[in-house]
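Residue-level structural notes
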Amino acid sequence: MTAAAEAPDLERATLDKAASENFPVAPFFLPRAWRDDLMAVYGFARLVDDIGDGDLAPGGADARLLGVSPAVAEDRPALLDAFEDDLRRVFGGTPRHPLLRRLQPTVRRRGLTPEPFLGLIAANRQDQLVARYETYDDLLAYCELSANPVGRLVLAVTGTATPERTRLSDAICTALQIVEHLQDVAEDLGRDRIYLPAEDMKRFHVQEADLAAKTAGASVRALVAYEAQRARDLLNEGAPLVGSVHGRLKLLLAGFVAGGRAAIRAIAAAEYDVLPGPPRPGKVQLLREAGVILRGER
């Protein structure tokens with residue numbers, strides 16, 4: 001089967017991953033135009049992460065669609081370069097990949113700029129070069145590339161971006177990224193990546209070997225609890241974003257914050273032992289958190 005023939009299946013498989021995210025990507029209650037545009041943005045973000053993580057569908061169809069030769073189809077930097085070239089076609093030309101063709105009308109309709117998309121590509125390039133972060137500030141700088149552009153794109157798609165909302169959105173997105181890192185400590189270690197700051201690991205007397213255990217010891221649990229509190233504080237800092245908007249966008253943003261808080265509660269319920277697998281919140285917990293946020297209780 002040619003890559004062109006496989007394209008619809010590849011596109012659908014990537015978009016279907018939205019259901020497994022910690023937060024709602026494009027829920028049913030949003031206007032159809034918003035849902036379509038948010039899913040187009042999600043498709044880009046999910047695909048670039050899959051390239052960076054080596055999680056593309058087997059067979060090399062994505063590489064062929066991007067014009068990458070079979071000889072380098074497993075070369076992540078080469079794929080990211082080709083993906084960036086195809087992104088630039090979104091802003092002036094005809095993209096090759098179906099997910100970027102899906103994105104092009106959104107970019108035109110919403111007046112989106114290349115910068116947030118390029119940030120997400122840069123984050124995945126960094127993942128190929130940087131596997132450890134010495135300080136929390138180093139991690140925050142990574143989140144500026146890997147997470148914050150997503151929130152900025154949501155504000156741009158919905159036409160609600162202001163400097164203050166962008167600041168609050170950045171806090172939420174960084175928190176969500178940190179939470180995901182905590183959930184995926186074991187998975188990331190399997191990729192030879194550690195997103196727990198080295199200075200914090202030293203403070204809590206955690207060695208890299210401790211992260212490879214089947215279950216977490218007391219030191220690892222204390223470290224995870226410490227980082228979870230940082231994420232909780234960031235979510236609280238960004239939560240006023242929800243109250244700054246109205247209508248269905250308010251529900252969407254409440255869902256983002258609720259997803260992060262519910263995930264932190266799931267981590268706490270596992271007694272901060274994230275090593276057996278990622279603690280995930282249930283839908284009931286997510287809805288409960290969203291209700292609390294919408295009522296403005298905290």
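Refer to the structure presented above.
Residues numbered from 1 in each chain as written. Predicted model: local features only at pLDDT ≥ 70, side-chain atom pairs only at ≥ 80, totals over all residues. Heavy atoms only, no water.

1. Section: the nonpolar core
As a rule of thumb, nonpolar side chains are buried together in soluble globular proteins. Counting 84 residues, the largest nonpolar core has Phe-44, Phe-83, Leu-103, Phe-117, Leu-196, Leu-211 and Leu-253 as its most contacted members. A per-element tally of this core places helix 2 (residues 32–53) first, with 11 residues. Residues contacting Phe-83, with those up to four places away along its chain left out, are Phe-44, Leu-47, Val-48, Ile-51, Leu-66, Leu-100 and Ile-121. (Core = buried A, V, L, I, M, F, W, Y, C linked by side-chain atoms within 4.5 Å. Buried < 20%, exposed > 50% of the residue type's maximum accessible area, 1.4 Å probe, protein only. Helix = DSSP H or I, 4+ residues; strand = E, 2+ residues; numbered from the N terminus. Contact = heavy atoms within 4.5 Å.)

2. As for the pattern of salt bridges
Under the counting rule described, the total for this entry stands at 28 salt bridges. Between Arg-46 and Asp-50 there is a salt bridge, with the nearest N and O atoms lying 3.3 Å from each other. Placement of the pair is Arg-46 and Asp-50 together in helix 2, with a separation of 4 residues, close to one helical turn. For the pair Arg-46 and Asp-50, one class covers both residues: buried. Between Asp-53 and Arg-193 there is a salt bridge, with its nearest N and O atoms 2.7 Å apart. In this pair, Asp-53 is assigned in helix 2 and Arg-193 in the loop between helix 10 (185–190) and helix 11 (198–203), connecting sequence segments 140 residues apart. Comparing Asp-53 with Arg-193, the two get one shared label, buried. (Salt bridge = Lys/Arg side-chain N within 4 Å of Asp/Glu carboxyl O.)

3. Focus: helix 15 (residues 283–294)
Between the first and last C-alpha of helix 15 there are 16 Å, a value that for 12 residues agrees with the 16 Å anticipated at 1.5 Å per step. Among the residues of helix 15, those classed as buried are Glu-289, Ala-290, Gly-291, Val-292 and Ile-293. Buried positions along helix 15 lie against helix 13 (240–243) and helix 14 (247–269). Count one or two residues on from helix 15 and you reach Gly-296, which has phi positive near 70°. (Expected span 1.5 Å × (residues − 1).)

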